[in-house]
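Each chain, letter by letter, is given below.
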Amino acid sequence: MTVRVEEHIWITMSDGARLGARLWLPEDAETSPVPAVLEYIPYRKRDGTRGRDEPMHGYFAAQGYAAIRVDMRGTGESDGHMADEYLKQEQDDALEVIDWISRQPWCSGNVGMMGKSWGGFNSLQVASRRPPALKAIITAYSTDNRYTDDIHYMGGLLLNDNLWWGTIMLAYQSRPLDPKIVGDSWRDSWLERLEKLPFFPALWLENQRYDDYWKHGSVCEDWNDIQCPVLAIGAWADSYTNPVSRLLENLTVPRRGIIGPWGHIYPQDGVPGPAIGFLQEATRWWDHWLKGKETGIMNEPMMRAFVCDTIEPTGTRTTTNGRWVGEAEWPSPAISPKKLHLGADRSLTEAATTEGVLSIRSPQSHGKAAGEWMSTGCPGEHPTDQRLDNGGALVFETATLQDDLDVLGAPVVRLRIAADCPVAQINLRLNDVLPDGRVSRTSYQVFNLTHRDSHENPEALVPGQFYDVAIKLNDCGYRFAKGHKIQLAIATAYWPMVWTAPYDATLSISVAESALELPQRAVGDGLPVQFEAPAHGPFTPVTQTDAGTVRRWTEQDHETGINTYITEGVGGLFGEGVLRFDEIDTELSHSLRRELTIQDNDPLTAKYVLTQTYEMGRDGWRVKVESRTAMTSDRDNFYLTGTLTAYENGAAVKTREWDESFKRDLM
């Protein structure tokens, strides 16, 4: 089918603000109207996501859909100001956009909404607002709970990616409007955006518990708000996997879930592979719900998940061995808990063990082998050999397995535990011990023990008092192979993934009342699962003008005791290098360096510094944004600073500075 692309169109809101959009249409859509598929995100449709948008939305248009990519208010060339993530204004605008789309002459009146990450979040949020024209959604790598499963907090602890992402957002939201779209007004609008630019990481650090700030936009607050069909996508190497299971379990609408081995990348391009024909699956979903065709999509298992075979503990991984399995319903009756008791001899056994109390105080730099919280397809981002961290952990291990053991779902660790201070954190790692002794991480969780009863109302620990806690690890699909061992590692820190506790805590575990519960799945393939090979529409013309570099390394100073963890991307944040989009003659370069330092015996020495440069433009129109952000803490407060300077054709035009502090809220 012949496809026509409209580079830019305006959608006018009821308050007069205009949102910019890019539109892919079947050539005859004006005479033969078609359903529409909306993606609505803040990452600039003209240049920011152009390389990804073109082959995806072009594919949908070739299958008989109007595909429309809309920039949110205050982003790209869209009017207005974006003050934060997931505001009500964002949802209100989406309702107007969907209504506008449904009334266009090229639209049949039926609209679907989809997205990955931010776009997956707001697909769920907008669905909960029930716009009449919205008939179905696809949500990929998103969450039902903005506090427990997003880039800011995990297990009631502050993720260091809160500062990383907030710093990136400073660069993203400092990008100028394109004069080829808006004309001479671009500069005044750009300067206004820079003046209103929020200090993003501070917005999120201000709210350290599950309060109304996070409840807004968390669809788990009322599952019944969503009344349209939902296809939920997750991935084991990504950080947004747990919500898929919760959506399937709690929604009452027609729903399906797919969890693959990938990172934070749409499945048609999924890394680590194997990638799948996700655009064909999405089209089957849209055909069923937007065109009324019988495609068989609702005859598929409710959950289609990839069960990984042994994963090598290497930082760079492009593929994963394993198999797809299908579960007709979720939770699945084919999955049952397998309890392994913790032993005073550091064993994991099916038989109950004798009493004993074991203690652990980890070095504050514990976590060097963790990899990134979110995999994005970069070199070196995956967990490495866990033996590097096991020396600073309390480790329990099974005997050699005599048969394969498959797990699918969330492992649970039940502990009777005490701390010697009022605020303490715990890191739990479920590991696979290979026959040659290498150790691969299968799942993990970090947890703030003051949140043991509630993320909404944490309570300080009474030093020395034992508590019973149950901690869910991240969902996983994995086969522990015959001849391997299962391992549980317990530690008191996970740097540089999460910020340190205010005390150098010692944890004591009463092993007789503690156990690991695995979601054991009967070994076998279950219902058949098949996907087509990946397909794409035409790619946008792009030239890599510089390959760039991505590096990760750690250092330990044996005189000062300072441990340093550094990642550095030059030219391209995710390893893509410096790119020029040829059709619009626009070049992009994004460099960022993270440096995290800490001494092993003092959590209050933690320091995090990010330096960043974003450059874009063409001959005669060049813009550069430089920023530096930093974070430190003492026992009572967090401290955040930031500086950003924007340049036009080499001359500085605007500088912003921030210096903020926040009281630690049992964190």
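Refer to the structure presented above.
On a predicted model such as this, the values are computed, not experimentally measured, just so you know. (Residues numbered from 1 in each chain as written. Predicted model: local features only at pLDDT ≥ 70, side-chain atom pairs only at ≥ 80, totals over all residues. Heavy atoms only, no water.)

In sheet architecture, strand pairing relies on hydrogen bonds along the backbone and comes in two forms, parallel and antiparallel. Pairing is antiparallel in the open sheet, where four strands are placed in the order 16-23-19-20. The strands lining the two open edges of the sheet, one partner per strand, are strand 16 (394-397) and strand 20 (439-448). Along the sheet, successive strands turn relative to each other by an average axial angle of 15 degrees, direction set aside. In this structure, strand 19 (residues 425-433) lies alongside strand 23 (residues 485-491), joined through seven bridges in antiparallel fashion. Across the sheet, residue aspartate 432 finds its bridge partner in strand 23, namely isoleucine 486. (Pairing = 2+ DSSP bridges. Helix = DSSP H or I, 4+ residues; strand = E, 2+ residues; numbered from the N terminus. Axes fitted to C-alpha atoms, helices over the stretch in contact; angles between N-to-C directions.)

According to the stated counting rule, one finds zero disulfides in the structure shown. The thiol of cysteine 107 is not disulfide-bonded; the next cysteine sulfur, from cysteine 228, is found 15 Å away. Its relative accessible area of 7% is what places cysteine 107 among the buried residues. Here cysteine 378 stays unpaired: no disulfide links it, and the sulfur of cysteine 308, its closest cysteine neighbor, is 20 Å away. (Disulfide = S-S within 2.5 Å. Buried < 20%, exposed > 50% of the residue type's maximum accessible area, 1.4 Å probe, protein only.)

A few words now on the packing of helix 1 (residues 50-62) against helix 10 (residues 278-290). Packing of helix 1 against helix 10 brings their axes to within 11 Å, and their N-to-C directions diverge by 40 degrees. The orientation of helix 1 relative to helix 10 falls into the category oblique. Of the two possible hands of crossing, helix 1 and helix 10 adopt the one that is right-handed. Here Pro55, Met56, Tyr59 and Phe60 of helix 1 lie close against helix 10, whose contacting residues are Leu279, Gln280, Ala282, Thr283 and Trp286. (Parallel < 35°, antiparallel > 145°, perpendicular 65-115°, else oblique. Left-handed = near helix turned anticlockwise from the far one by under 90°. Contact = heavy atoms within 4.5 Å.)

Nonpolar side chains in soluble globular proteins tend to end up buried together. Counting 195 residues, the largest nonpolar core has Phe60 and Trp286 as the members making the most contacts within it. With eight residues, helix 4 (residues 161-172) is the single largest residue contributor to this core. In contact with tryptophan 286, other than residues within four places in its own chain, are Val37, Phe60, Tyr65, Gly112, Met113, Met114, Ala136, Ile137, Ile138 and Lys291. (Core = buried A, V, L, I, M, F, W, Y, C linked by side-chain atoms within 4.5 Å.)

What follows concerns the environment of asparagine 563. Within the secondary structure layout, asparagine 563 lies in strand 28 (residues 562-570). In sequence terms asparagine 563 and lysine 368 are 195 residues apart; their C-alpha atoms lie 9.8 Å from each other. Within the local environment of asparagine 563, its side chain forms a polar contact with the backbone oxygen of glycine 561, the two atoms lying 3.5 Å apart. A polar contact of 3.4 Å, which involves the side chain of asparagine 563, links it to the side chain of aspartate 600. (Polar contact = N/O pair within 3.5 Å; in protein donor to acceptor, adjacent residues only side chain to side chain.)

You can see histidine 8 is positioned in strand 1 (residues 3-12). Only 2.7 Å separates the side chain of histidine 8 from the side chain of lysine 45, close enough to count as a polar contact. Each residue touching histidine 8, except ones within four places of it in the same chain, is listed here: Gly20, Ala21, Lys45, Glu77 and Ile181.

Moving on to the side chain of glutamate 54. Along the chain, the position of glutamate 54 falls in helix 1. For glutamate 54, a relative accessible area of 11% gives the class buried. Here the side chain of glutamate 54 touches tryptophan 24 through a polar contact of 3.4 Å, side chain to side chain.

On to the packing of helix 2 (residues 88-102) against helix 3 (residues 118-127), then. Packing of helix 2 against helix 3 leaves a shortest axis separation of 10 Å and a crossing angle of 75 degrees. Taken together, helix 2 and helix 3 sit at an angle that is classed as roughly perpendicular. Side by side, helix 2 and helix 3 meet where Glu90, Gln91, Ala94, Leu95 and Ile98 of the first sit next to Trp118, Asn122, Gln125 and Val126 of the second. Taken together, the residues of the contact of helix 2 with helix 3 sort by class into five nonpolar, three polar and one charged. (Nonpolar A, V, L, I, M, F, W, Y, C, P; charged D, E, K, R; others polar.)

Considering all chains together, one arrives at 57 salt bridges under this definition. Residue arginine 46 is joined to glutamate 7 by a salt bridge in which the shortest nitrogen-to-oxygen separation is 2.9 Å. Here glutamate 7 lies in strand 1 and arginine 46 lies in the loop between strand 3 (34-41) and helix 1, a separation of 39 residues in the sequence. On the accessibility criterion, glutamate 7 (24% relative accessible area) is partly exposed. Across the pair aspartate 47 and arginine 44 runs a salt bridge, and its minimum N-O distance is 2.8 Å. Arginine 44 shares its class with aspartate 47; the two are buried. Here the salt bridges share partners, and the residues they tie into one network are Glu7, Arg22, Arg46, Arg50, Glu54, Asp178, Glu583 and Arg618. (Salt bridge = Lys/Arg side-chain N within 4 Å of Asp/Glu carboxyl O.)

Along strand 10 (residues 255-260), six of the six residues are buried, which leaves the element largely enclosed by surrounding structure. Both faces of strand 10 are covered, namely the face carrying Arg255, Gly257 and Ile259 and the face carrying Arg256, Ile258 and Gly260. With six bridges connecting them, strand 9 (residues 230-235) and strand 10 associate as parallel partners. Looking at the pairing, alanine 235 lines up with glycine 260 of strand 10. You can see the chain leave strand 9, run along helix 9 (residues 242-250) and come back into strand 10, and the turn it takes is right-handed. In this sheet, strand 11 (residues 303-308) lies alongside strand 10 in parallel orientation, the contact comprising three bridges. Among the inter-strand pairings, isoleucine 258 is bridged to a residue of strand 11, identified as arginine 304. (Right-handed = clockwise from strand over helix to strand, strands pointing away.)

On inspection of all chains with the given rule, the structure shows 30 aromatic pairs. Where tyrosine 59 meets phenylalanine 60, the ring centres are 6.3 Å apart and the plane angle is 75 degrees; that geometry is what we call edge-to-face. No difference in accessibility class separates tyrosine 59 from phenylalanine 60, as the two residues are buried. On the numbers, 5.8 Å between centres and 90 degrees between planes, the contact of tryptophan 186 with tryptophan 621 is edge-to-face. In this pair, tryptophan 186 sits in helix 6 (residues 186-196) while tryptophan 621 sits in strand 32 (residues 621-633), placing the two residues 435 residues apart along the sequence. An aromatic cluster is present here, built from Tyr43, Tyr86, Trp118, Phe121, Trp164, Trp165, Tyr172, Tyr240, Trp373, Phe574 and Tyr614 joined pairwise through their rings. Stacked on the ring of tyrosine 213, the Lys or Arg arginine 146 has its end atom at 5.4 Å from the ring centre. The residue whose ring lies beneath arginine 551 is tryptophan 553, and the NZ or CZ to ring-centre distance is 4.1 Å. (Phe/Tyr/Trp six-rings, centres within 6.5 Å; stacked < 30°, edge-to-face > 60°. Lys NZ or Arg CZ within 6 Å of the ring centre and 35° of its normal.)

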